[in-house]
Amino acid sequence: MRFPRGRRLVFLKIGTDKNQVHFLIQSIPKYSVTEIIRMIKSNSVKKIFEKHPEVKKQLWGGEFWSDGFFVNTVSKFGSEDTISKYVRNQGMEKEYKKLHYQQISLF
């Protein structure tokens with residue numbers, strides 16, 4: 001896949017369940033998993049607080065994202081289809097809401 005000009009990450013799928021968000025992301029190999037998570041968390045929360053400043057006041061200590069995360073990579077042990085099914089089947093299926101199918105512009 002060719003990345004759009006100036007893009008470092010491509011969000012292939014984004015969805016939520018009751019209290020989590022799940023991403024299927026493709027990235028250039030230049031970035032470590034930790035760097036990718038940091039970029040997503042910092043850039044997304046800036047946009048959210050920019051558009052909805054009232055959200056920050058409702059958060060305990062002003063923290064939007066928790067420190068934890070789970071990552072799986074595509075390899076001979078986990079195909080893109082396997083990870084996509086994992087993202088789709090997290091939480092209670094009736095509560096899962098698919099938010100996105102194609103690239104969003106955070107970066």
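The structure under discussion appears in the preceding block.
What you see is a predicted model, and the numbers here were worked out from it, not measured in a lab. Throughout this document, residue positions are counted from 1 along each chain, in the order its sequence is written. In keeping with the predicted nature of the model, local features appear solely for residues at pLDDT of at least 70, side-chain atom pairs appear and are counted solely at 80 or more, and the whole-chain, interface and lining totals rest on all residues. Computation of side-chain values: all heavy atoms of the structure, hydrogens and water removed.

Draft legend 1. Region of interest: helix H1 (residues 33-51). The secondary structure listing takes helices from DSSP runs of H or I that are at least 4 residues long and strands from runs of E that are at least 2 residues long, numbered from the N terminus. Given the number of residues in a helix, its expected span is that number minus one, multiplied by 1.5 Å. Here H1 is 19 residues long and its end C-alpha atoms lie 27 Å apart, about the 27 Å a rise of 1.5 Å per residue gives. We call a residue buried when its accessible area falls under 20% of the maximum for its residue type, exposed when it is over 50%, and partly exposed in between, using a 1.4 Å probe and counting protein chains only. Residues Ile36, Ile37, Met39, Ile40, Lys41, Ser44, Val45 and Phe49 constitute the buried set of H1. On the buried face of H1, the contacting elements are strand E1 (9-16), strand E2 (21-27) and helix H2 (54-58). Whether two residues are in contact is decided by their heavy atoms: any pair within 4.5 Å suffices.

Draft legend 2. How the structure looks around the nonpolar core. Definition of nonpolar core: a set of buried residues of the types Ala, Val, Leu, Ile, Met, Phe, Trp, Tyr and Cys, connected through side-chain atoms within 4.5 Å. Formed by Leu9, Phe11, Ile14, Tyr31, Ile36, Met39 and Ile40, the largest nonpolar core amounts to 7 residues. Contributions of two or more residues to this core are made by E1 and H1.

Draft legend 3. Structural context of the packing of aromatic side chains. Ring pairs are drawn from Phe, Tyr and Trp, using the six-membered ring of Trp, whenever the two centres fall within 6.5 Å, and their geometry is named by plane angle: stacked under 30 degrees, edge-to-face over 60, tilted for the rest. Under the definition given, this model contains 3 aromatic pairs. Plain terms: the ring middles of Phe11 and Phe23 are 5.3 Å apart, the flat faces sit at 75 degrees to each other, and that makes the pair edge-to-face. With Phe11 in strand E1 and Phe23 in strand E2, this pair connects stretches of sequence that are 12 residues apart. Among the residues examined, Phe11 registers a relative accessible area of 1% and is labelled buried. Judged by its relative accessible area of 27%, Phe23 falls in the partly exposed class.

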